[in-house]
Every structure is written in C-alpha cells, then in structure tokens.
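Chain by chain, the residues run as shown.
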Amino acid sequence: MATSSIRVDDEGGIAVVTLQHGKANTLDTEFCQELTLRLEDVQLGGYRGVVLTGTGGIFSAGVDLRRVHDGGTGYLEDFLPALSDAFLSVFGFPGPVVAAVNGHAIAGGAVLAAACDRRVLADGPGRIGITELLVGVPFPLAALEILRSGFGADILAELAFLGETHLPADALRLGLVNEVTAPGDVVERAVEVAGKLAEIPAAAYAHTKAQLHRPFHERIAEHRTGDDAHVLELWSSPEARAAIKAYVDRVLRGSTG
C-alpha cells in the first residue's frame, strides 16, 4: 500500500495506533486489511499494550457506504470478511487494548471501540452508537458478538434496534465507555490506562482475556461461515441496496470526504 492509513507510535512500550483514513476513518476493504496487518506487526514487535485512536473529531464513522454502494456484491464479497477480520484482530489481541475515542464512533466505529478492553471517550460533541439497522443492513456475526462482549447483552437489543447515538454523559451512563476525559487528554489517559493494565504479567493477562472472550469466540467460530453467507445475501439484496443508496444520497453525497 503506497500510503499508510495507520500510524504506530511508541509511547513507553505502548503502541499508539492512529487511524488516519480520509476525513472520517471510514472502513473499506484495504483499510480493514491494513489494520489487521498492523496489529499483527504490533504483536510481533513486543509492545506491552495498544491504544487505538482516530484523528480530529472522529474515531471512525463506520463502513464506507459509498464504496459498498458503488462496488455492489463483488466488492462486498471481499469487504465483509475483511471487516470481520479487522474487528477480530482488535478483539483477539492478547495484550491490553484501550480505545482513545477522540470523537464520533458510529456503527463500525463503535464496534472497533467495543472490541477494546477499555474505552476512554473525549468529552464534547462526539457520539457513539450502532446505526447499522437504520441504514438497512444487518450486523456481521463477529461484530454483534463483539458488541455483546463490550457493551453487554442487556442493552444490546436497545442499541441495535433504536440505532440512537449517545453523547459522552449518556455513553458513560449506559456503560458504552469506561470514562470521559478532556479532549486534549484522551490519548494520554488511554496510554496511562494501557500501561496500568500492562503491569499485569503478560501471560496471565492474555489467558484471562481469552477466558473472558471464549464464549464469543466460540459462537463466532461455530456460526460465522453460515451467518456471513446470509449477511452477504442481505447486504446485496435489492432492499438493502435501495436503503444504502437512499442513505448515501441523503447524508453523504453533500459532504466532500
């Protein structure tokens, strides 16, 4: 890839992984593949932990619906597996992973945040929420299980069916994030949290994390193949394509990035 969409900086043995893909860190095939590879590199690089963050006022606005609309089924056949793999690369990272949610974390962006062990949200106008059903598409199984793990089963149906996005105070109250801090401090605080978690012996942390995640990984492993095929069918359906087109025309075509 000629131009990297992801920067990795070393902060005292913590890898600060900064998403910098266009204006909104939207998720497309290449970006998802790069995130998976970069996290593999981070793991091999011996970092004690990871902080995942975005740029400007956006952590990630989720799936690049323009690419989905323009690429059709052929694009989706490559994209949907890459999307799930990217989510799982965060969720399955053996060491501490802390989200420094610098701004909006919408749809797939909220899944990325949920895949982290802890979430620090910048105070301000940034919103977090899962809006997939409002656009007319279902969640891939990996995404839904990660959301179930990160946000809790009790609230997941409300989050998914209503598709509402939440400002910091509500996000904290609902348990979508662990703490809210000043915008200028969000990465520093996340590094501090990751460093604290990294004081736990690495093997013990990795084993406990794997134990906590095991039910979700098992459901994904058992059902992903069949469910992903059905999700591809639903995302490719005339109804979904019409809903995506309406959303793109209404919300995205007027923006410049």
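Residues numbered from 1 in each chain as written. Predicted model: local features only at pLDDT ≥ 70, side-chain atom pairs only at ≥ 80, totals over all residues. Heavy atoms only, no water.

An unreviewed UniProt entry annotates the protein chain as Enoyl-CoA hydratase of Amycolatopsis japonica.

Time to look at the sheet that holds strand 7 (residues 118-122). Spatially, 6 strands are ordered 1-2-3-5-7-9 in an open sheet, and the strand pairing comes out mixed. Both edges of this open sheet fall to strand 1 (6-11) and strand 9 (179-181), since each of them pairs with a single strand only. Put simply, the sheet's adjacent strands are angled 25° from each other on average, direction ignored. In the sheet, strand 7 pairs with strand 9 via 3 bridges, with the strands oriented parallel. Within strand 9, the position partnered with Ala122 by the bridge is Thr181. (Pairing = 2+ DSSP bridges. Helix = DSSP H or I, 4+ residues; strand = E, 2+ residues; numbered from the N terminus. Axes fitted to C-alpha atoms, helices over the stretch in contact; angles between N-to-C directions.)

Turning our eyes to something else, we now look at empty space enclosed by the protein. Enumeration according to the criterion identifies 1 cavity of 30 Å³ or more in this entry. Put simply, the largest cavity is a space of about 50 Å³. Forming the walls of the largest cavity are Val68, His69, Gly72, Leu76, Trp235, Ser236, Arg241 and Ile244. Breaking the lining of the largest cavity down by element, the ones donating at least two residues are helix 2 (65-91), helix 9 (202-236) and helix 10 (238-252). For the lining of the largest cavity, the element with the highest residue contribution is helix 2, accounting for 4 residues. The residue makeup of the lining of the largest cavity, split by class, is 4 nonpolar, 3 polar and 1 charged. (1 Å grid on protein atoms, 1.4 Å probe; cavity = no way out; pocket = protein on both sides within 12 Å on 5 of 7 lines; lining within 4 Å. Points joined across faces, edges and corners; volume = space filled by probe spheres on them. Nonpolar A, V, L, I, M, F, W, Y, C, P; charged D, E, K, R; others polar.)

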